[in-house]
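Listed below are the residues making up each chain.
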Amino acid sequence: MSKQQPTVGVVSLGCPKATVDTERILTQLRTEGYDLTNSYEDADVVIVNTCGFIDSAVQESLDTIGEALEENGKVIVTGCLGAKEDQIINVHPKVLAVSGPAAYEEVVSAVHNVIMPPKHDPFIDLVPPQGIKLTPKHYAYLKISEGCNHRCTFCIIPSMRGDLISRPVADVINEAKRLKEAGVKELLVVSQDTAAYGVDVKYKTEFAEGRPTKTSMVGLSEALGELGGVDNFWVRLHYVYPYPNVEEVIPLMAEGKILPYLDMPLQHANARVLKAMKRPGNVEKTLERIKNWRKQVPNLTIRSTFIVGFPGETEEEFQDLLDFLVEAQLDRVGCFQYSPVDGAVANDIAEAIPDEVKQDRFERFMELQQQISADKMQAKVGQVMQVLVDEVDEQGAIARSMADAPEIDGVVFIEEAVHLVPGQFVKVEIVAADEYDLWAKPVDEFVNQETSYIELG
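*Asks:* Can you walk me through the packing of helix H7 (residues 217-225) against helix H8 (residues 246-254) in this structure?
*Replies:* For any two helices packed against each other, one specifies the crossing angle of their axes together with the interaxial distance. Two elements in contact, H7 and H8, have axes whose closest approach is 9 Å; the angle formed by their N-to-C orientations is 10°. Taken together, the axis directions place H7 and H8 in an arrangement best described as roughly parallel. Read as a crossing pair, H7 and H8 show a hand that is right-handed. Residues Met217, Val218, Ser221 and Glu222 of H7 form the contact with H8, whose own contacting residues are Val246, Glu248, Val249 and Leu252. The residue makeup of the contact of H7 with H8, split by class, is 5 nonpolar, 1 polar and 2 charged.

Here it is, written out as structure tokens:
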């Protein structure tokens with residue numbers, strides 16, 4: 001198509017780390033003067049940022065590429081599935097370019113090959129200091145590293161994204177400060193392995209905002225905690241591998257520097273299965289650590305994910321996982337049936353579990369965890385807590401508590417609170433609960449009324 005202002009469409013699939021990659025690409029394109037759209041029809045070219053983690057994600061990516069080709073015709077593919085160029089070309093030979101994850105310059109160059117950027121006009125081509133964001137104005141993902149040094153046998157991410165490379169801690173802190181100044185109230189720290197941040201640079205100390213800061217999860221958490229604290233600025237840690245250094249961030253949660261929330265994928269609870277996965281296998285030690293963390297931070301929320309139907313998993317080993325759920329009493333839990341994604345070492349470890357057995361174990365797992373979750377949520381009725389408003393409509397407000405990450409956890413419904421605004425911190429009393437969500441009424445509605453956002457364009 002031909003228009004006066006070159007326009008790029010985008011479809012972003014996959015995890016928050018991929019969202020950050022898309023945001024960086026869009027920021028560069030907007031800086032060069034391109035218009036951005038989420039419409040196939042209005043775009044001169046469409047970028048599809050793909051996911052390739054499991055088979056269902058691969059299929060969704062291939063289907064989306066096909067849809068973009070059908071609706072627009074000019075498609076540039078990037079992201080994790082892009083690391084398997086042949087797989088894409090075999091299905092969709094008409095794509096214009098294919099690149100792997102975090103290939104920012106390659107994607108922008110491919111756009112240039114389709115349609116050159118317009119003449120730069122600094123009075124029109126304005127980009128906010130925090131860049132283009134795909135999230136709502138009051139929260140943002142903060143990616144601190146790329147890649148992973150682990151070789152978990154069920155995972156192919158290192159083959160796509162490479163070994164761990166940490167961002168300079170000063171750059172991360174500067175970005176966090178810019179985001180806060182732009183009106184962001186919650187930072188979600190993401191990476192493939194947040195607890196390993198800095199290991200590749202030997203945890204070196206840099207000056208960030210004029211202060212010596214160690215390139216480590218703890219050093220970064222301390223610095224981010226100085227930006228405000230949980231009363232007016234939330235910092236949430238995701239993808240925390242269960243290293244010993246987790247013990248060092250627990251005091252920061254107890255002090256209210258960062259949110260009392262740990263997203264820690266544990267994957268299983270049987271020692272043999274964990275060894276086959278190449279994951280930490282001391283289950284009793286894990287339970288002991290969880291008990292100790294909760295002693296220090298009674299309101300700690302622990303989120304985790306698990307895999308059922310791993311090759312060779314026996315009924316007895318699955319029962320160990322169920323027993324662990326009962327003992328650990330985790331707050332937020334996700335479960336995946338093992339997916340034999342192409343290239344995963346685990347595919348050849350043992351005989352595959354039949355699909356009907358995987359489905360049965362998945363249902364039994366979720367039934368048990370749902371009851372655990374329901375009991376824990378019911379215990380919150382009558383409590384007064386701080387929440388962050390995400391949306392407001394004619395029925396009231398939808399918010400999240402400190403225990404709720406956006407899109408993956410529950411929400412807090414505040415009925416008839418139509419006067420609230422997104423990005424506002426509010427104190428509420430919990431009046432009802434189900435297995436995953438809460439209902440509340442305002443107690444102190446104007447804890448923080450600052451809503452000075454910058455339009456992202």
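*Asks:* Got a minute to help me understand the pairing of strand S4 (residues 75-79) in this structure?
*Replies:* Two faces make up the sheet, and in a regular strand the side chains alternate between them. When you tally the buried positions in S4, you get 5 out of 5 residues, the bulk of the element. The sheet contact formed by strand S3 (residues 45-50) and S4 spans 5 bridges and is parallel. Paired with Thr50 across the bridge in S4 is Gly79. Of the crossover connections in this fold, the one passing from S3 over helix H2 (residues 55-71) to the parallel S4 is right-handed. Pairing analysis gives 2 bridges linking S4 to strand S5 (residues 97-98), with the strands arranged parallel. Its bridge partner being in S5, Val77 is matched across the sheet by Val98. Between the parallel elements S4 and S5, the chain passes through helix H3 (residues 85-91) in a crossover that is right-handed.

*Asks:* Quick question: what am I supposed to make of the pattern of salt bridges here?
*Replies:* Where side chains of opposite charge bring their charged atoms close, a pairing between them can arise. Counting across every chain of the model gives 21 salt bridges. A salt bridge links Asp21 to Lys143, with the shortest nitrogen-to-oxygen separation between them at 2.4 Å. Placement of the pair is Asp21 in helix H1 (residues 16-31) and Lys143 in strand S6 (residues 139-143), with a sequence separation of 122 residues. Overall, the relative accessible area of 6% leaves Lys143 in the buried class. One salt bridge connects Arg167 with Glu175, and the closest N-O pair in it is separated by 2.6 Å. Judged by its relative accessible area of 26%, Arg167 falls in the partly exposed class. The network of salt bridges with common partners includes Glu313, Glu315, Asp360, Arg361 and Arg364.

*Asks:* How should I be thinking about the state of the cysteines in this particular structure?
*Replies:* Two cysteines joined by a covalent bond between their sulfur atoms form a disulfide. Under the definition given, this model contains 0 disulfides. Distance from the sulfur of Cys15, which forms no disulfide, to the nearest cysteine sulfur (Cys51) is 6.4 Å. For Cys15, a relative accessible area of 25% puts it in the partly exposed group. Left unpaired, Cys335 is separated from the closest cysteine sulfur, that of Cys152, by 17 Å.

*Asks:* Hey, could you run me through the nonpolar core in this one?
*Replies:* The nonpolar side chains of soluble globular proteins are, as a tendency, buried together. In terms of nonpolar packing, the biggest core is built from 72 residues, with Leu224, Met253, Trp293, Phe306, Phe324 and Phe365 touching the most fellow members. Once residues within four sequence positions are removed from consideration, Phe306 is found in contact with Leu266, Gln267, His268, Leu321, Phe324, Leu325, Leu330, Val333, Gly334, Cys335, Phe336 and Phe365. Of all hydrophobic cores here, the second largest spans 17 residues; its members include Tyr40, Val58, Val77 and Leu81.

Rules behind the numbers
- Residues numbered from 1 in each chain as written.
- Predicted model: local features only at pLDDT ≥ 70, side-chain atom pairs only at ≥ 80, totals over all residues.
- Heavy atoms only, no water.
- Axes fitted to C-alpha atoms, helices over the stretch in contact; angles between N-to-C directions.
- Helix = DSSP H or I, 4+ residues; strand = E, 2+ residues; numbered from the N terminus.
- Parallel < 35°, antiparallel > 145°, perpendicular 65-115°, else oblique.
- Left-handed = near helix turned anticlockwise from the far one by under 90°.
- Contact = heavy atoms within 4.5 Å.
- Nonpolar A, V, L, I, M, F, W, Y, C, P; charged D, E, K, R; others polar.
- Buried < 20%, exposed > 50% of the residue type's maximum accessible area, 1.4 Å probe, protein only.
- Pairing = 2+ DSSP bridges.
- Right-handed = clockwise from strand over helix to strand, strands pointing away.
- Salt bridge = Lys/Arg side-chain N within 4 Å of Asp/Glu carboxyl O.
- Disulfide = S-S within 2.5 Å.
- Core = buried A, V, L, I, M, F, W, Y, C linked by side-chain atoms within 4.5 Å.

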